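# Structural characterization, general
Chain by chain, the residues:
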Amino acid sequence: MYILNLTKIQFLLINIFVIFIFALIYKKYGDEKHFYFTNKKHEMDLTDALYFSANTYVTIGNSDIIPKTNFMKKIIMIQIFILMIALIMMSSQYIKINI
């Protein structure tokens, strides 16, 4: 039994959507209260938020924008958990799972 039947394009579009949604969250809360900035910025613009979201989503990480508060650390963990679920769903396309 397959968990979810998605084409590769659908999977890609869903992942882009998730990156964008989290980028909007990071933009809303992307200030010095919630993040450390090593590039002398005091808040995130949309480009910074998309950059941070994409780096977090592909688990590259970065050191120029660092979460400061537990609230933002929890949001980032939620994004990473969504990635893990997405990878399981995509790999279920190719691995038969008996439930």
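Residues numbered from 1 in each chain as written. Predicted model: local features only at pLDDT ≥ 70, side-chain atom pairs only at ≥ 80, totals over all residues. Heavy atoms only, no water.

## Comments concerning the packing of helix α2 (residues 46-57) against helix α3 (residues 70-91)
The condition that has to hold: Angles run from 0 to 180 degrees between N-to-C directions of axes, and those axes are lines fitted to C-alpha atoms, restricted for helices to the stretch in contact. Helix and strand labels come from DSSP, where a helix needs a run of H or I of at least four residues and a strand needs a run of E of at least two; each type is numbered from the N terminus. Should an angle lie under 35 degrees it is considered roughly parallel, over 145 roughly antiparallel, and from 65 to 115 roughly perpendicular; all remaining angles are considered oblique. For any pair of crossing helices, the crossing counts as left-handed if the nearer helix is rotated counterclockwise from the farther one by less than a right angle, and right-handed if it is rotated clockwise. Contacts between residues were defined by any pair of non-hydrogen atoms, one from each residue, lying within 4.5 Å. Just so you know the grouping, Ala, Val, Leu, Ile, Met, Phe, Trp, Tyr, Cys and Pro go in nonpolar, Asp, Glu, Lys and Arg go in charged, and all remaining residues, Gly too, go in polar.
Where α2 meets α3, the closest approach of the two axes is 9 Å, and the angle between their N-to-C directions is 50°. Taken together, the axis directions place α2 and α3 in an arrangement best described as oblique. Judged by the sense of rotation from one axis to the other, the crossing of α2 with α3 is right-handed. Packed against α2, whose contacting residues are Phe-52, Ser-53, Thr-56 and Tyr-57, the element α3 presents Ile-76, Gln-79, Ile-80, Ile-82, Leu-83 and Ala-86 at the interface. When the residues that make up the contact of α2 with α3 are grouped by side-chain class, the tally is seven nonpolar, three polar and no charged.

## Quick notes on α2
Rule in force here: In this scheme, a helix's expected span is set at 1.5 Å multiplied by one less than its residue total. Three labels apply to residues, based on accessible area from a 1.4 Å probe with only protein chains included: buried if under 20% of the type maximum, exposed if over 50%, partly exposed otherwise in between. Any pair of nitrogen or oxygen atoms within 3.5 Å is treated as a polar contact; in protein, a donor-acceptor pairing is required on top of that, and neighbouring residues in sequence qualify only through side-chain atoms on both sides.
For α2, with twelve residues, the first-to-last C-alpha span of 16 Å sits near the 16 Å given by 1.5 Å per residue. Those residues of α2 that fall on the buried side of the exposure criterion are Asp-48, Ala-49, Phe-52, Ser-53, Asn-55, Thr-56 and Tyr-57. Its buried side turned inward, α2 meets α1 (8-28), β1 (35-37), β2 (65-67) and α3. Looking at where α2 begins, the residue whose side-chain oxygen comes 3.3 Å from the main-chain nitrogen of Thr-47 is Asp-45.

Treat this as a map of the structure, not an account of what it does.
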